[in-house]
Amino acid sequence: MTTPSVLFVCLGNICRSPLAEAAFRRVAEEAGLDAEIDSAGTADYHVGAAPDRRSIEEAARQGVDIRHYRGRQLVEADFHRFDFIIGMDRSNMANIARCEPPGGKARVAMLLDLVAGQEGREVGDPYYGGPEGFRRTWMEVEAGAKALLALFNEDRD
Ligand code: 4NP
């Protein structure tokens, strides 16, 4: 089987999608799944920047070091490279759709749509709130990561 690949996408690639990347890296590693995992933003505000300090702190609290992650912008080539492109909220989904070229292979979905009982819910933007928002973001992206892992495992079976 080829190595599955997933790209997590939010607006700035400094708060939510780096945490989703970190959570999925961890569940994939725990499951022994070799996957290509990355994150990107639909905007270019934070290209080359490290994650938000509050995301770095929340990831560290969960035992994951994300200080070396760097922001990048979603590009058309991502739709040919990744099996899954996963947005955090409806605004991300609209921005992703605007970037999608014809003939891409990526399956595009909103993260919590993959979680039983949480369909239609968004991973809200914690940027303008306090650290508790980042704890909530971690819980949401971790639930999404586990659901995505289950999907990958179905494809493996
Ligand atoms: P993210 O959060 O999309 O989860 O990375 C944001 C980060 C930065 C901005 C907005 C959202 N910003 O406007 O700079």
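Residues numbered from 1 in each chain as written. Predicted model: local features only at pLDDT ≥ 70, side-chain atom pairs only at ≥ 80, totals over all residues. Heavy atoms only, no water.

Asker: Got a minute to help me understand the overall build of the chain in this structure?
Answerer: When its secondary structure is counted, the chain shows 5 helices and 4 strands. Moving toward the C terminus, one meets the helices and strands of the chain in the order β-α-β-α-α-β-α-β-α. Rg of the C-alpha trace for the chain: 14 Å, near the compact-globule value of 15 Å for 157 residues, within the 12% margin. The burial tally for the chain puts 50% of its 157 residues in the buried class. Within the chain, contacts between residues separated by at least 24 positions form 70% of all contacts whose residues are at least 6 apart in sequence. For the chain, the accessible area works out to roughly 7600 Å², and carbon and sulfur atoms hold 49% of it. Taken together, the 19 basic and 26 acidic charged side chains of the chain have centroids lying 4 Å from each other. (Helix = DSSP H or I, 4+ residues; strand = E, 2+ residues; numbered from the N terminus. Rg over C-alpha atoms; globule rule 2.2 N^0.38 Å. Buried < 20%, exposed > 50% of the residue type's maximum accessible area, 1.4 Å probe, protein only. Contact = heavy atoms within 4.5 Å. Areas by Shrake-Rupley, 256 points an atom, 1.4 Å probe, with all protein chains shown as cover. Lys, Arg positive; Asp, Glu negative; His and termini not counted. Charge placed at Lys NZ, Arg CZ, Asp CG, Glu CD.)

Asker: When you look at the packing of aromatic side chains in this model, what are you seeing that I'm missing?
Answerer: For any pair of aromatic rings, geometry is given as the distance between the ring centres together with the angle between the planes. Counted according to the given criterion, the structure contains 4 aromatic pairs. With 5.1 Å between their ring centres and 40° between their planes, Phe84 and Phe152 make a pair best called tilted. Separated by 68 residues along the polypeptide, Phe84 in strand S3 (residues 84–87) and Phe152 in helix H5 (residues 131–156) bring together distant segments of the chain. Comparing Phe84 with Phe152, the two get one shared label, buried. Three or more aromatic residues joined by ring pairs make a cluster, and in this case those are Phe8, Phe24, Phe84 and Phe152. (Phe/Tyr/Trp six-rings, centres within 6.5 Å; stacked < 30°, edge-to-face > 60°.)

Asker: Which parts of the structure should I look at to understand the state of the cysteines?
Answerer: Chemically, a disulfide is nothing more than a covalent bond linking the sulfur atoms of two cysteines. Enumeration over the complete set of coordinates arrives at 0 disulfides. Here Cys10 stays free of any disulfide, with the sulfur of Cys15 as its closest cysteine sulfur at 6.9 Å. For the unlinked cysteine Cys99, the closest cysteine sulfur is that of Cys10, found at 14 Å. (Disulfide = S-S within 2.5 Å.)

Asker: Sorry, what's going on with the sheet that holds strand S2 (residues 36–41) here?
Answerer: Strand pairing within a sheet occurs via backbone hydrogen bonds; the two strands may be parallel or antiparallel. If you walk across this open sheet you meet the 4 strands as S2-S1-S3-S4, and the pairing is parallel. On the outer flanks of this sheet lie S2 and strand S4 (107–110), each paired with one strand and no other. Here the average twist between neighbouring strands, direction ignored, is 20°. Relative to S2, strand S1 (residues 5–10) is paired through 6 bridges, and the arrangement is parallel. By the bridge assignment, Ser5 is partnered in S2 with Glu36. (Pairing = 2+ DSSP bridges. Axes fitted to C-alpha atoms, helices over the stretch in contact; angles between N-to-C directions.)

Asker: Looking at this structure, how should I read the site of the ligand?
Answerer: Taken together, Cys10, Leu11, Gly12, Asn13, Ile14, Cys15, Arg16, Tyr45, His46, Asp125, Tyr127 and Tyr128 make up the full set of residues near the ligand. In the model, an oxygen atom of the ligand is placed 2.9 Å from a nitrogen or oxygen of the Cys15 main chain. A distance of 2.9 Å is found between an oxygen atom of the ligand and a side-chain nitrogen or oxygen belonging to His46. Against a free-state accessible area of 360 Å², the protein chains account for coverage of 91% of the ligand. Looking at the shell around the ligand, its residues break down into 7 nonpolar, 3 polar and 2 charged. (Near = heavy atom within 4 Å. Polar contact = N/O pair within 3.5 Å; in protein donor to acceptor, adjacent residues only side chain to side chain. Nonpolar A, V, L, I, M, F, W, Y, C, P; charged D, E, K, R; others polar.)

Asker: It is not clear to me how the side chain of Arg54 should be interpreted in this structure. Could you clarify?
Answerer: Relative to the elements of secondary structure, Arg54 occurs in helix H2 (residues 53–61). Residue classification places Arg54 among the buried positions, given a relative accessible area of 16%. Within the structure, Arg54 has its side chain in polar contact with the backbone oxygen of Tyr127 (distance 2.9 Å). The residues touching Arg54, leaving out its near neighbours within four places in the chain, are Pro126, Tyr127, Gly129 and Phe134.

Asker: Sorry if this is basic, but what is going on with the packing of H2 against H5 here?
Answerer: Think of two packed helices as two axes; the pair is described by the angle between the axes and how far apart they sit. Where H2 contacts H5, the two axes come as close as 9 Å, and the packing angle between them is 55°. By the angle between their axes, H2 is oblique relative to H5. Pair H2 / H5 crosses with right-handed handedness. Taking contact as the criterion, the partners of Arg54, Ser55, Glu58 and Arg61 in H2 are, on H5, Phe134, Arg135 and Trp138. (Parallel < 35°, antiparallel > 145°, perpendicular 65-115°, else oblique. Left-handed = near helix turned anticlockwise from the far one by under 90°.)

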